[in-house]
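Structure assessment
Residues per chain are reported as follows:
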Amino acid sequence: MKINLANIKKAKKLLNKRECIAIPTETVYGIGGNAYSDTACKKIFKLKKRPKNNPLIVHYYDLKNLEADCDLNNDFKKLYKRFCPGPITFILNLKKTSKISKVATNQKKTLAVRFPKHPITRNLLKNLNFPIAAPSANISTKISAVTSSDVKDDFGKKIKYVLEGGKSLIGVESTIVDLRKKPQILRLGGLEVETIQKILKKKISININPSKISVPGQLKIHYSPGIPIRLNVRKIQKDEAFLLIKKNKINKSNYYFLSEKGNLKEAAKNLYTTLRKIKKDRYKSIAVSKIPNKGFGKTINDRLMRASKF
Ligand code: AMP
Ligand code: MG
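Read on for an overview of the structure. This structure is a prediction, so every number in the text was calculated from the model and none was measured.

This paragraph deals with the packing of aromatic side chains. One pass over the full model with this rule turns up 8 aromatic pairs. Geometrically, the ring pair formed by Phe-76 and Tyr-80 is tilted, given 5.7 Å between the ring centres and 35 degrees between the ring planes. Residue Phe-76 and its partner Tyr-80 are located together in helix H4 (residues 74-83), separated by 4 residues, close to a single helical turn. Overall, the relative accessible area of 0% leaves Phe-76 in the buried class. Residue classification places Tyr-80 among the buried residues on the basis of a relative accessible area of 17%. Look at Tyr-223 and Tyr-272: their rings are 6.2 Å apart centre to centre, the planes differ by 15 degrees, and that puts the pair in the stacked class. Remark: Tyr-272 occurs in helix H9 (residues 264-280) and Tyr-223 occurs in the loop between strand S9 (205-206) and strand S10 (229-230); sequence separation between them is 49 residues. Note on Tyr-272: relative accessible area 1%, which makes it buried.

As structure tokens, then:
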């Protein structure tokens, strides 16, 4: 996608004025604001109707910009070198001298940090003198946005500006890994756990459904399209939309396919768009056929399981 410098200039101007705007990333669109400003961060929570105790991910251009705010450890450095910029979020300890808004962290001593790969948002970050706090651009508990029109559908005029960046290439949120002690996955996402494990050369535990919820990605109800979803379905009921991983020969208007040949990465990329499409096509419920529980299939199943709790 071509970089439109006039758009980036407009985005920069609004962010400098402590406004919040939608920004494109390779995972999903975000609602971004100055992470050093309480005013900007409060606006993000208000727009999203997000509970105050759900801290925000802070987006940086590179490691140099992060050093002022967080303590960096060896596991982080290894993963940063291999995967950043990219679809992975790190939980790190905040430095006492950090300027990050306490609204963004909800007073926590830790920070969720990401380096997005999208060239437009990278260009924007490079030209700011603060990092951007940005949770996903959706109303809390609802489905995330992967295009600028998804964001406009959800927020309408309430959002001051949507920085156009085309469709998000990955289409699901980042994988969150807590690196403060033994590495722990807090949310499955756009980078496979096996891939992270290979670089760290140690076992990573998965803690995505804890008794005490520490990140919204762990909420039991989340990513909901606003209509009921049934999982692992073989036989659909009358009037249901049927969501399948792989295209098949049945050409019925209520059949929706996530990929041509059953490629799980492609399926993850199409998941949110397809759920939105089914809702727009006015189906009242969705039946989902079994999705292999490996690689990106685990992320898809995680999202659908939470969306099905609606
Ligand atoms: P979202 O951007 O809406 O996909 O959500 C951001 C995710 O990062 C949420 O699950 C947050 O709770 C999580 N997060 C942000 N800050 C922290 C933190 N300090 N510790 C643990 N998780 C965090
Ligand atoms: Mg979210």
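Alright, that's what it looks like, and here's the rest.
Among the structural elements, Asp-69 can be located in the loop between helix H3 (63-66) and H4. Here Asp-69 occupies a buried position and makes no salt bridge, while the nearest side chain of opposite charge, Lys-99, is found at 6.9 Å. Of the polar contacts made by the side chain of Asp-69, one reaches the side chain of Ser-98; its length is 3.4 Å. Contact partners of Asp-69, with chain neighbours within four places excluded, come to Tyr-36, Tyr-60, Asn-93, Leu-94, Lys-95, Ser-98, Lys-99, Ile-100 and Pro-131.

Strand order in this open sheet of 4 strands is S10-S13-S11-S12, and the pairing throughout is parallel. One side of each edge strand has no neighbouring strand; the edge strands of this open sheet are S10 and strand S12 (255-259). Two elements, S10 and strand S13 (residues 286-288), share 2 bridges in a ladder whose sense is parallel. Within S13, the position partnered with Arg-230 by the bridge is Ala-287. Each of S10, strand S11 (241-246), S12 and S13 touches H9; the most contacted strand, S12, lies at about 150 degrees to it.

A few words now on the sheet that holds strand S4 (residues 88-93). The 9 strands lie next to each other as S1-S2-S6-S3-S5-S4-S7-S8-S9, forming an open sheet whose pairing is mixed. Each end of this open sheet is capped by a strand with a single partner; those strands are strand S1 (21-23) and S9. Along the sheet face, H4 touches S4 and strand S7 (175-178) and points at about 155 degrees away from the line of S4.

With that settled, the discussion passes to the environment of Gly-262. Checked against the element boundaries, Gly-262 lands in the loop between S12 and H9. Each C-alpha atom, one on Gly-262 and one on Pro-292, is 9.5 Å from the other, the two residues being 30 residues apart in sequence. With sequence-adjacent residues up to four places away left out, Gly-262 is seen in contact with Ile-245 and Lys-246.

A few words now on unusual backbone geometry. In the segment running from Cys-84 into Pro-85, the intervening peptide bond is cis, with an omega of 0 degrees. With respect to the helices, strands and loops of the structure, Pro-85 is situated in the loop between H4 and S4. Notably, Asn-106 is not glycine yet its phi reads approximately 55 degrees, a positive angle. Among the secondary structure elements, Asn-106 is positioned in the loop between helix H5 (102-105) and strand S5 (110-114). For Asn-106, a relative accessible area of 30% translates into the label partly exposed. A positive phi angle, near 70 degrees, is found at Asp-239, a position not held by glycine.

Bridge analysis of S7 against strand S8 (residues 184-187) gives 3 bridges, and the strand direction is antiparallel. Residue pairing in the sheet places Val-177 in a bridge with Ile-185 of S8. Two successive antiparallel strands, S7 and S8, enclose a turn made up of 5 residues. In terms of handedness, the path from S8 via helix H8 (residues 193-200) over to S9 forms a crossover that is right-handed.

What follows deals with the pairing of S7. Taking every second residue as pointing to the same face, both faces of S7 are buried, with Thr-175 and Val-177 on one and Ile-176 and Asp-178 on the other. Bridging between S4 and S7 involves 4 bridges; their strand directions are parallel. Among the inter-strand pairings, Phe-90 is bridged to a residue of S7, identified as Val-177.

Rules behind the numbers
Residues numbered from 1 in each chain as written. Chains lettered and ligands numbered in written order. Predicted model: local features only at pLDDT ≥ 70, side-chain atom pairs only at ≥ 80, totals over all residues. Heavy atoms only, no water. Phe/Tyr/Trp six-rings, centres within 6.5 Å; stacked < 30°, edge-to-face > 60°. Helix = DSSP H or I, 4+ residues; strand = E, 2+ residues; numbered from the N terminus. Buried < 20%, exposed > 50% of the residue type's maximum accessible area, 1.4 Å probe, protein only. Lys, Arg positive; Asp, Glu negative; His and termini not counted. Salt bridge = Lys/Arg side-chain N within 4 Å of Asp/Glu carboxyl O. Polar contact = N/O pair within 3.5 Å; in protein donor to acceptor, adjacent residues only side chain to side chain. Contact = heavy atoms within 4.5 Å. Pairing = 2+ DSSP bridges. Axes fitted to C-alpha atoms, helices over the stretch in contact; angles between N-to-C directions. Right-handed = clockwise from strand over helix to strand, strands pointing away.

Just geometry here; none of it tells us what the structure is for.
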